[in-house]
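Each chain, written out:
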Amino acid sequence: MLRYLLNRLISLCLSLVAASLVIFLVIEVIPGDPAAFMLGLNATEANVAALREELGLGGTLPERYWAWVSGMLTGDFGTSYTYRVPVADLILDRLWVSLPLAGYALALSTAIAFPVGLIAASRRGTATDYGIMGGTQLGIAVPNFWFAMLLVLVFAVNLQWFSAGGFPGWADPMAAIKALTLPAIALALPQASILARVMRSALLDTLGQDYIRTARAKGLSRRQAVIRHALRNALIPVLTIIGLQFSFLLAGAIIIENVFFLPGLGRLIFQGITQRDLVVVESVTMLLVFAVILVTFLVDIAYAAADPRLRRK
Amino acid sequence: MIRLPVSLLLGAALSTGFLAAALLSFVWTPHDVENLVIANRLQPAGGEFPLGTDQFGRDLLSMLMVGARTSIAVALVAVGIGITLGVPLGLAAAATRGSLLDEIIMRGNDLIFAFPSLVIAILITAVFGPSALNAILAIGIFNIPVFARVARGGALSLWTLDYVLSARTAGKGKVRISAEHILPNIANLLIVQATIQFSLGILAEAALSYVGLGAQPPTPSWGRMLAEAQTMIYTHPMLAVLPGLAIVLMVLGLNLMGDGLRDVLDPRLRRQGT
């Protein structure tokens, strides 16, 4: 296990280096002179030179890459050109919206998908199964931001149970959770549909295995066999999908924030784009990619912990 | 005669309907979508405007038709990018299984997988500015590793089969075997994957256009229609409901078609009940 862990850890680091190189290349090399790019066409030569100085664009490309990466490692993400504050502070502020939102949605989607998938699998071929499968088919086809708009229409505009948007901050945790509830539901629905389908087919796979027949033969009830043997083995593919879904949830959170006017990473990055604040865009994309790679790594580890056969690879 | 699954027929009908509407929009739409007639703004459905008009006086039905064109074009080209780059990579990786080339291709795949298409779109847009082309590129790049994986996975099991072995003994090289024997036999897998990626592409295009990273005005797009409808949702909810419904039906149609195709093309899967 230790050897496996070490192996995965090295590949995690290599992925991060490769990803950071790609982002650096796109943001700092392709535009030519980032300083001139950020200031636009009407900038004077002196202003461009000053910004170049400020952004530390004097050095060679390897020097600049190293300065960026080593800065991030010590928590220095540069200074936003438009906000005039450290990007790290901006990100930290916004993370407190985006991360809980993605986590909330992940919890909801898992909480919905597990029982639904379980019911569909154990009633395979019945009207319940077909109903659930049809429902999930629809759930997959619904764009989450549109579903979010419908939720606003029904629960905020018509019923007035929730506010249509905005975020009160974490000073009042209940209010904050309430403000994140509609966005989390909107995010969770399509993911839950996918997850329920995966759960169902994974369970059906394991239910056909010999060890389930053995378990039943030695006197376990169907329910016991499912819970003790099938569920555990079905968790492996389900876990992979949950891991994969995290990156979709994070991306989804960024989009959903727009519907509910939430001050999260999404708002930060879209403002960064319109204001040509490359420092913000560069660091936030790196952070997003880091999150995806980290989750993939964690899933791999959880995988190996759940299934010893995978460690040998 | 083969009995076609209901899902395939229903899915094909929905998809063909949208495709037909999109094609028709090239030659005819009920109204001109680039001509803003403010006097006609926010007309109710019926009469001259079958589905009503938006806050700029544009006919909603015409907008939806041209929007279908944008969605389909973006998703189609993105699938094309994924297939033309991903499939050869996957075939090459499978043909040289275990080699350095295989390792490089698969690691490259993993790297792209770490960039959700939204992040790719953000990076491209930050540097080149927003356009429909960016959406195509972002979704297309994301499709490359998907097709590479499917192609590699399908090809790997074929390489162990006898007829491939006999082709090798006959002196055919890896490239020829891949093209003549492997590719035709993984075509089914690729077709099913293509329908799935097509529907994901429609969803992704809508999301990117919604946040302003996709098609730019005045090009109508379902995602942008939703973004523009957002401020009108309190007074004119239909403006937000209809484009979303179009997306759902289109994606649902493609997914049903994909499921049905899989059942027809690969009967083994049907028995497993996935």
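Residues numbered from 1 in each chain as written. Chains lettered and ligands numbered in written order. Predicted model: local features only at pLDDT ≥ 70, side-chain atom pairs only at ≥ 80, totals over all residues. Heavy atoms only, no water.

Peer 1: Can you walk me through the overall build of chain B in this structure?
Peer 2: In terms of helices and strands, chain B carries 10 helices and 0 strands. Helices and strands in chain B line up, N terminus first, as α-α-α-α-α-α-α-α-α-α. Expressed as lengths along the three principal axes of its C-alpha atoms, the size of chain B is roughly 75 × 50 × 35 Å. Buried residues in chain B amount to 53% of all 274 residues. By sequence separation, contacts in chain B at least 24 residues apart represent 69% of the contacts at least 6 residues apart. Carbon and sulfur atoms make up 68% of the accessible area of chain B, which totals about 12,100 Å². In chain B, 17 side chains carry a positive charge and 15 a negative one; their mean positions are 12 Å apart. (Helix = DSSP H or I, 4+ residues; strand = E, 2+ residues; numbered from the N terminus. Buried < 20%, exposed > 50% of the residue type's maximum accessible area, 1.4 Å probe, protein only. Contact = heavy atoms within 4.5 Å. Areas by Shrake-Rupley, 256 points an atom, 1.4 Å probe, with all protein chains shown as cover. Lys, Arg positive; Asp, Glu negative; His and termini not counted. Charge placed at Lys NZ, Arg CZ, Asp CG, Glu CD.)

Peer 1: What exactly am I supposed to notice about the interface of chain B and chain A here?
Peer 2: Each side of the interface is counted separately: chain B has 40 residues, and chain A has 46 residues. Note on chain B versus chain A: buried area summed over both sides is about 3,600 Å², and carbon and sulfur give 81% of it. The closest approach of N and O atoms between B:Asp259 and A:Arg197, which form a salt bridge, is 3.6 Å. For the side of chain B that touches chain A, a count of residues per class yields 31 nonpolar, 7 polar and 2 charged. (Buried area = accessible area lost by both parts, 1.4 Å probe. Salt bridge = Lys/Arg side-chain N within 4 Å of Asp/Glu carboxyl O. Nonpolar A, V, L, I, M, F, W, Y, C, P; charged D, E, K, R; others polar.)

Peer 1: What should I look at first to understand the domain arrangement of chain A in this one?
Peer 2: When the parts of a complex come together, some accessible area is lost, and that lost area is often taken as the interface size. All names here are of chain A. In terms of domain boundaries, chain A breaks down into domain 1 (32–76) and domain 2 (94–312). Taking only C-alpha atoms into account, the centre of domain 1 sits 38 Å from that of domain 2. At the interface, 7 residues of domain 1 touch 7 residues of domain 2. In total, domain 1 and domain 2 occlude about 640 Å² of area from one another, counting both sides; carbon and sulfur atoms represent 74% of this. Sorting the residues of domain 1 by area buried against domain 2 places Phe 37, Met 38 and Trp 68 first, and these three jointly supply 75% of that buried surface. For the pair domain 1 and domain 2, the number of links is 0 salt bridges. Among the secondary structure elements, those contributing two or more residues to the side of domain 1 that touches domain 2 are helix 2 (34–39) and helix 4 (61–73). Residue contributions to the side of domain 1 that touches domain 2 peak at 3 residues, all from helix 2. Grouping the constituent residues of the side of domain 1 that touches domain 2 by class yields 6 nonpolar, 1 polar and no charged. (Domains from an automatic or database assignment.)

Peer 1: Sorry, what's going on with the nonpolar core here?
Peer 2: Generally speaking, soluble globular proteins have nonpolar side chains that are buried together. By size, the foremost hydrophobic cluster in this structure holds 158 residues, and its most contacted members are A:Phe145, B:Phe115, B:Ile202, B:Leu213 and B:Trp222. No other element matches the 15 residues that helix 12 (residues 278–306) of chain A contributes to this core. Each of domain 1 (32–76) and domain 2 (94–312) of chain A accounts for three or more of the residues forming this core. Once residues lying within four places of it in the same chain are set aside, the contact partners of A:Phe145 are A:Ile255, A:Ile256, A:Val259, B:Ala206, B:Ala207, B:Tyr210 and B:Leu226. In terms of nonpolar packing, the next biggest core, distinct from the first, is built from 15 residues, A:Val198, A:Leu203, A:Ala230 and A:Ala234 among them. (Core = buried A, V, L, I, M, F, W, Y, C linked by side-chain atoms within 4.5 Å.)

Peer 1: I'm lost on helix 2 (residues 60–95) of chain B in this one. Help?
Peer 2: The α-helix advances 3.6 residues per turn, and as a result positions three or four apart in sequence lie on the same side. Under the 1.5 Å per step criterion, the end-to-end length of helix 2 of chain B is 51 Å for 36 residues, consistent within 8% with the ideal 52 Å. Bending of helix 2 of chain B peaks at approximately 30° at the position of B:Gly86, with proline B:Pro88 no more than four residues after it. (Expected span 1.5 Å × (residues − 1). Bend = angle between axes of the 7 residues up to and from the residue.)

Peer 1: Looking at this structure, how should I read a nonpolar patch on the surface?
Peer 2: Together, B:Leu19, B:Leu23, B:Leu24, B:Phe26, B:Val27 and B:Trp28 give the surface a local cluster of nonpolar side chains, amounting to about 650 Å² of exposed area. A relative accessible area of 54% places B:Phe26 in the exposed class. (Patch = residues over 30% accessible without salt bridge, like charges linked within 9 Å, V, L, I, M, F, W, Y side chains within 5 Å.)

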